[in-house]
Amino acid sequence: QHKDAYQAILDGVKGGAKEKRLAAQFIPKFFKHFPELADSAINAQLDLCEDEDVSIRRQAIKELPQFATGDNLPRVADILTQLLQSDDSAEFNLVNNALLSVFKMDAKGTLGGLFSQILQGEDIVRERAIKFLSTKLKTLPEEVMTKEVEEFILTESKKVLEDVTGEEFVLFMKILSGLKSLQTVSGRQQLVELVAEQADLKQTFNPADPDCVDRLLQCTRQAVPLFSKNVHSTKFVTYFCEHVLPNLGSLTTPVEGLDIQLEVLKLLAEMSLFCGDMEKLESNLKKLFDKLLEYMPLPPEEAENGENAGNEEPKLQFSYVECLLYSFHQMGRKLPDFLTAKLNAEKFKDFKIRLQYFARGLQVYIRQLRLALQGKTGEALKTEENKIKVVALKITSNINVLIKDLFHIPPSYKSTVTLSWKPVQKADASQKRASEDTTSSSPPKKASAGPKRDARQIYNPPSGKYSSNLGSFSYEQRGGFRGGRGRGWGGRGNRSRGRIY
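Throughout, residues of each chain are indexed from 1 in the direction in which the sequence is written. With pLDDT at 70 or above as the cut-off, local features in this predicted model cover only qualifying residues; side-chain atom pairs require 80 or more to be listed or tallied, and sums for whole chains, interfaces and linings still use all residues. Hydrogen atoms and water are omitted, and side-chain values are computed over all heavy atoms in the structure.

## Quick notes on the confidence of the model for the chain
Here's step 1: The pLDDT value tells you how sure the predictor is about a given residue, anywhere from 0 up to 100. Of the residues in the chain, 82% have a pLDDT of 70 or more, and the chain-wide mean is 83.
Here's step 2: Any two residues whose heavy atoms approach within 4.5 Å at even a single point are treated as in contact. Per-residue pLDDT stays below 50 along residues 427-488; that stretch engages in 128 contacts with residues further than four places along the chain or on separate chains.
Here's step 3: Low pLDDT, under 50, characterises residues 490-501; the predicted model gives this stretch 37 contacts beyond four residues in sequence or across chains.

Here it is, written out as structure tokens:
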């Protein structure tokens, strides 16, 4: 009936600023009354969304959700996703709000628009659409984020994960691990499988390729929070023991200033807690043991006059030893006779000498640290120097507890410690204090019952070395994968460009 009048409003988009402003308001207002002009109306509104006048653009964008009815909704969602590339902050916020209101009308339809742009759109649109999902999904109420909607997100995300950069992968893991339906044991297991696929644990590990190393670390960091007593880390621990540990010294990383070896050992230690039954347990435990020996020096040789023949005491790498000893202690529980039955007597005796030497150096160091921290509270403990000492005391106390266990006859694997970079759980606090209080200034009791004659007298306590960035281990991406998509994690092929609306 008023078709001509509505057509005149649509033609207003070709007029001056006043006509355009009126059109931006009236096209959406009467849109539902003229289904036969729906296409023309949406196209006219889109012209206004691209107008040179920012106030007209903002008005047109604000009204876009009114076009999101029936079959038009995915198209409107697709358009709004493309409009996320705006550099005008007010306009960008309007697009975000419009997308959220369309989301509440039909979540699946909106996701269809978002994912089609993530898979096929321009790089800037893809990047912002992923960021939108990672920040906004968690704000949506349960009645919007139904099980069906979450399943759709998982299915579409899997398609995207076939070709992503490291940074995108981290964001998608954040999106998926926040979904309610994936909080279950089977959901977590699914996520671990996704990460394992991304880490490509079947490929040959190349320690000289920084991207290969970085990819493995990024993926492992995403997997670690998912492991539990029901969701095992066995696949990752096996890969680390078989491929990464033997190449520890030759690892390369694109992240400047990162102690890559310590990073790897920390991840292994955290995963070892949740390792299930392992096929080649003995051979992997042997690899772990051999690596531990590298950081557990023998006492220095002595000259005839009883002084050290060498000029220097061996450096004790406490940070590394904490990780390796903890991993060995966790996995040793699964094969408790490894030290006594699987090693020859000579090798076990050698190990005990190393343990005893390390324990003595440890005691001296613990005493020094306790003395340095004595009477310090509150603000005094927050200085950089004292923070490092507090962490160093945690590390050395942990090693002390684990060494005492291994000095039992037969070796015991019963003690529990909280890794130095992990927050102490409240339930563990009293136990933690107890374990630290047992660290007396004398060597472990069992140590003194050890092979005294073989352990040469030590005159100078060994000096200790620990990393100054101990407390700052974080799972967040550091430095990321080199380059944008197309490098790093597989080249994201040449997608079609310039598809507008």
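## Quick look at helix α18 (residues 345-373)
Every α-helix winds through 3.6 residues per turn, so residues three or four apart in the chain are directed the same way.
Here's step 1: Note on conventions: DSSP H or I runs of at least 4 residues are helices, E runs of at least 2 residues are strands, and numbering of each starts at the N terminus. By this rule, a helix spans an expected 1.5 Å times one less than how many residues it contains. Given a rise of 1.5 Å per residue, 29 residues ought to cover 42 Å, and the 41 Å separating the end C-alpha atoms of α18 matches this to within 8%.
Here's step 2: Just downstream of α18, G375 is the residue with a positive phi angle, here 75 degrees.

## A short note on helix α13 (residues 234-244)
Here's step 1: For α13, a buried count of eight out of 11 residues is recorded, marking the element as mostly surrounded by other parts of the structure.
Here's step 2: For α13, the full list of buried residues reads T234, F236, V237, T238, Y239, F240, C241 and V244.
Here's step 3: Those residues of α13 that are buried are in contact with α11 (185-199), α12 (210-223), α14 (260-272), α15 (281-294) and α16 (318-332). The cut-offs for exposure are 20% and 50% of the maximum accessible area for each residue type, with area from a 1.4 Å probe on protein chains only; residues under the lower value are buried, those over the upper are exposed, and the others partly exposed.

## Some words on the environment of R360
Here's step 1: With respect to the helices, strands and loops of the structure, R360 is situated in helix α18.
Here's step 2: What makes R360 partly exposed here is its relative accessible area of 29%.
Here's step 3: Taking the C-alpha atoms as reference, R360 lies 9.7 Å from N400; in sequence the two are 40 residues apart.

## Things to note about the environment of E282
Here's step 1: When you line up the elements, E282 lands in helix α15.
Here's step 2: Between the alpha carbons of E282 and K342 there is a distance of 8.3 Å; along the sequence they are 60 residues apart.
Here's step 3: Those residues in contact with E282 that sit more than four places away from it in its chain are L335, F338 and K342.

## Let's talk about the packing of aromatic side chains
Here's step 1: Any Phe, Tyr or Trp ring, taking Trp's six-membered ring, that has another such ring centre within 6.5 Å forms a pair; planes under 30 degrees apart are called stacked, those over 60 apart edge-to-face, and the others tilted. Per the stated rule, a full pass over the model turns up 12 aromatic pairs.
Here's step 2: Taking the centre distance of 6.2 Å and the plane angle of 85 degrees together, the rings of F205 and Y239 count as edge-to-face. Of this pair, F205 sits in the loop between α11 and α12 while Y239 sits in helix α13, and the two are 34 residues apart along the sequence.
Here's step 3: Ring geometry for F289 and F328: centres 5.8 Å apart, planes at 45 degrees, overall tilted. Note that F289 is positioned in helix α15 and F328 in helix α16, a separation of 39 residues in sequence. For the pair F289 and F328, a shared accessibility class is recorded, and that class is buried.
Here's step 4: Among the aromatic residues, ring-to-ring pairing joins F289, F328, F338 and F351 into one connected group.

## Quick look at the nonpolar core
Here's step 1: Side-chain atoms within 4.5 Å are what join buried Ala, Val, Leu, Ile, Met, Phe, Trp, Tyr and Cys residues into a set we call a nonpolar core. Counting residues in hydrophobic clusters, the biggest one holds 147 residues, and the most contacted among them are I27, F236, F328 and L339.
Here's step 2: Considering every element that reaches this core, the biggest residue donor is α18, with 11 residues.

## Comments concerning the environment of P74
Here's step 1: Tracing the backbone through its elements, the reader meets P74 in helix α5 (residues 72-83).
Here's step 2: Each C-alpha atom of the pair P74 and L111 lies 8.1 Å from the other, and the pair is 37 residues apart in sequence.
Here's step 3: In this structure, P74 is in contact with G109 and G113, ignoring residues within four places of it in sequence.

## So, the packing of α13 against α14
Here's step 1: Orientation is described by lines fitted to C-alpha atoms, with helices fitted over the stretch in contact, and by angles between N-to-C directions that extend from 0 to 180 degrees. Axis separation between α13 and α14 bottoms out at 9 Å; the angle between their running directions is 145 degrees. Between α13 and α14 lies a crossing of left-handed hand. Facing F236, V237, F240 and V244 of α13, the residues of α14 in contact are V264, L267, L268, M271 and S272. Less than a right angle of anticlockwise turn of the near helix away from the far helix marks a crossing as left-handed, whereas a clockwise turn marks it as right-handed.

## A closer look at the pattern of salt bridges
Here's step 1: The term salt bridge refers to a side-chain nitrogen of Lys or Arg lying within 4 Å of a carboxyl oxygen of Asp or Glu. A complete count under the given rule lists 21 salt bridges for this structure.
Here's step 2: Between E156 and K159 there is a salt bridge, with the nearest N and O atoms lying 2.8 Å from each other. With a gap of three residues between them, E156 and K159 both fall in helix α9 (residues 147-160), about one helical turn apart.
Here's step 3: The exposure class of K159 is partly exposed, given its relative accessible area of 41%.
Here's step 4: Here R221 makes a salt bridge to E263, at a shortest N to O gap of 2.6 Å. On the criterion of sequence distance, the pair formed by R221 in helix α12 and E263 in helix α14 is long-range, its members being 42 residues apart.

## A short note on unusual backbone geometry
For residues besides glycine, phi is generally negative; the peptide bonds are generally trans as well.
Here's step 1: Put simply, I409 and P410 share a cis peptide bond, and its omega is -10 degrees.
Here's step 2: In this structure, P410 sits in the loop between α19 (384-407) and α20 (426-437).
Here's step 3: Although it is not a glycine, D200 sits at a positive phi angle of roughly 55 degrees.
Here's step 4: Within the secondary structure, D200 sits in the loop between α11 and α12.

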